[in-house]
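Listed below are the residues making up each chain.
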Amino acid sequence: MTDFTERAAPGVRGLQPYQPGKPIEELERELGITNAVKLASNENPLGPSPLAVEAGRKAMMDVGLYPDGNGFRLKQNLAERMGVAMERITLGNGSSDILEFVVRAFVQPGDTVLFSEHAFAIYPILAMTASARPVSVPAREWGHDLAAMAAAITPETKVVFVANPNNPTGTWLRGDELEAFIAKVSAETVVVVDEAYFEYGRYLAPDYPDAVAWVEKYPNLVVSRTFSKCHGLAGLRVGYGISHPGVADLLNRVRPPFNVNSVALAAAGAALDDDAHLSRTLKVNAEGMKQLAAGFDTLGLSYIGSVGNFISVNVGQAGPVYEALLRVGVIVRPIAGYGMPDHLRITIGTAEQNERVLKALNEVLGR
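Every chain is numbered independently, its residues counted from 1 as its sequence is written. Local features in a predicted model are, by the rule used here, given only for residues with pLDDT of at least 70; side-chain atom pairs are given and counted only at 80 or more, and totals for whole chains, interfaces and linings are based on all residues. Water and hydrogen atoms were dropped before computing side-chain values, which therefore reflect all heavy atoms in the structure.

1. Some details on helix α13 (residues 318-327)
How we decide: Only protein chains enter the accessibility calculation, which uses a 1.4 Å probe. A residue is then buried if its area is under 20% of the maximum for its type, exposed if over 50%, and partly exposed in between. In this text, helices come from DSSP runs of H or I with a minimum length of four residues, and strands from runs of E with a minimum of two, each type numbered from the N-terminal end.
By the burial criterion, the buried members of α13 are A318, V321, Y322, A324, L325 and L326. At the C-terminal side of α13, G329 shows a positive phi close to 80°.

Set out below in structure tokens:
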């Protein structure tokens, strides 16, 4: 068989593919079980807004036509809600698109891309794809050590990723400390504040900031968000970035044409208008967070305080525990690849799903 490895770009040769959470269908097929529950991928257990579903159905009638390549209506809706100009918005096929556009637009071979230890796995993947050097800065108490990150920036650092809250740890940064960090970074370096879990953070933490408020003050700031999490549109892949118009112009130059499909555009616009569904989602998540935390306390398990829709718990030698949970039909996320071999990341589900996970942990751990 022909080996194509040597033909690949240098940064691609050493890459390992991103590993998503195990699908329910795959587990049930492998083990011959039914009624499995998946709390591995930080999906909304309530699913999408009914308004979004209906808008998506209507949009299906016109899928023989290309979508609006500029996403005018969705961008207009977002601009009005955030109080920013439309020319500051870039749409993506998920917020991971926005992160990739930043690297493609600003990073060249030999540059460095900076991020925290235990941060989202896509950051080093994007750096290596661009034949740049990924630089992971040691974390402090599972979260970003902003002082250490600032000290690690060099003239070769073209992009800094800051996840707030961070995935998979759920840790978050206060507004004063995060803005102070951004103010320290040279205007020659792009700072990306990844706010994929923004709505959860705002609901759960009084000191959680809205980085969009700073985009006019700091031209090198890009804020990314998504409809995959609290809006429950993970399967449609819609994200967006907010930045200086000049930066947005560059991101749109590398953005593939029609990267957000017409069904996704319609559903996302409708999701923004369903405040009731968002409120239910945030309430269920807050109650579920308390339920799981109380259950971990009862089981004598330590966990990391989180303001996302997930929580990471220390079960000791998480690999075998993960496998044992699979055998009883419970899918969670092992995070050894994030430097956390003793932790499992568990998405907040419904009350019934959370109880099932806790009972399964009790059974598997023999507590």
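On we go from here.
2. A short note on the pattern of salt bridges
For clarity, the threshold we go by: Salt bridges are identified by distance alone: a Lys or Arg side-chain nitrogen within 4 Å of an Asp or Glu carboxyl oxygen.
The full count for this structure, using the stated rule, is 10 salt bridges. For the salt bridge of E54 with R57, the shortest nitrogen-to-oxygen distance reads 3.6 Å. Of this pair, E54 and R57 both sit in helix α3 (residues 50-60), three residues apart, which is roughly one turn of that helix. With relative accessibility at 36%, the residue E54 sits in the partly exposed group. Where E195 meets R225, a salt bridge forms, and the shortest distance between an N and an O atom there is 2.8 Å.

3. Re the pairing of strand β8 (residues 239-242)
As a reminder, the rule being used: Should DSSP find at least two bridges between two strands, the strands are taken to pair.
Neither face of β8 is exposed, since G239 and G241 on one face and Y240 and I242 on the opposite face are all buried. Bridge count for strand β2 (residues 89-92) against β8 is four bridges, and the pairing is antiparallel. From the neighbouring strand, L91 faces β8, where its bridge partner is Y240. With four bridges joining them, strand β7 (residues 221-226) and β8 adopt antiparallel strand pairing. In the sheet register, T226 faces β8, and the bridge partner there is G239.

4. Focus on the sheet that holds β8
Note on sheets: strands pair through backbone hydrogen bonds, and any given pair is parallel or antiparallel. This is how the line gets drawn: Note on geometry: axes are lines fitted to C-alpha atoms, helical ones only across the stretch in contact, with angles between N-to-C directions running from 0 to 180 degrees.
With mixed pairing, seven strands are arranged side by side in an open sheet as β2-β8-β7-β6-β5-β3-β4. Since the sheet does not close on itself, it has two edges, and those belong to β2 and β4 (133-137), each with one partner. Each strand of the sheet is rotated relative to its neighbour by a mean of 20°, with strand direction disregarded.

5. Overview of α3
Note the cut-off: The directions considered for the arc are those from the helix axis to the C-beta atoms. Any two residues having at least one pair of non-hydrogen atoms within 4.5 Å are treated as being in contact. Polar contact is the term for a pair of N or O atoms within 3.5 Å; when the atoms are in protein, one must be able to donate a hydrogen and the other to accept it, and sequence-neighboring residues count only if both atoms are side-chain atoms.
For α3, the set of buried residues is A52, A55, G56 and A59. The arc that holds the buried residues of α3, viewed along the axis, is 100°, so those residues lie on one side. Facing away from the buried surface of α3 by more than 90 degrees, the exposed residues are P50, R57 and K58. Next to the buried residues of α3 lie α11 (262-272). A side-chain oxygen of the first residue of α3 lies 3.0 Å from the backbone nitrogen of L51; this N-cap is S49.

6. Here we look at the side chain of S49
For S49, the position within the fold is in the loop between β1 (37-38) and α3. You can call S49 buried: its relative accessible area is 1%. Not counting the four nearest positions on each side in its chain, S49 is found in contact with H231, A271, D274 and H277.

7. Structural notes on the side chain of N259
Positionally, N259 belongs in the loop between α10 (245-254) and α11. Judged by relative accessible area, which is 11%, N259 ranks as buried. If sequence neighbours within four positions are ignored, N259 has contacts with L91, G92, N93, D97 and F101.

8. Some details on the sheet that holds strand β9 (residues 310-314)
Across the sheet, three strands lie side by side as β9-β12-β11; this open sheet has antiparallel pairing. Two strands in the sheet have a free side with no partner beyond their single neighbour: β9 and β11 (333-334). Note that β9 and strand β12 (residues 343-347) share five bridges and pair antiparallel. Within β12, the residue paired with N314 across the bridge is H343.

9. Digging into the packing of α3 against α11
So the rule is basically this: Comment on the angle field: the value is read as roughly parallel under 35 degrees, roughly antiparallel over 145, roughly perpendicular from 65 to 115, and oblique elsewhere. Note: crossing handedness is left-handed where the near helix turns anticlockwise from the far helix by less than a right angle, and right-handed where it turns clockwise. Each residue gets one label: Ala, Val, Leu, Ile, Met, Phe, Trp, Tyr, Cys and Pro are nonpolar, Asp, Glu, Lys and Arg are charged, and the others, such as Gly, are polar.
Relative orientation of the contacting elements α3 and α11 amounts to 150°, with a least axis distance of 7 Å. Comparing their axes, α11 and α3 come out roughly antiparallel. Viewed along their axes, α3 and α11 form a crossing whose handedness is right-handed. In this structure, α3 contributes L51, A52, A55, G56, A59 and M60 to the contact, and α11 contributes S262, V263, A266, A267, A270 and A271. The residue makeup of the contact of α3 with α11, split by class, is 10 nonpolar, two polar and no charged.

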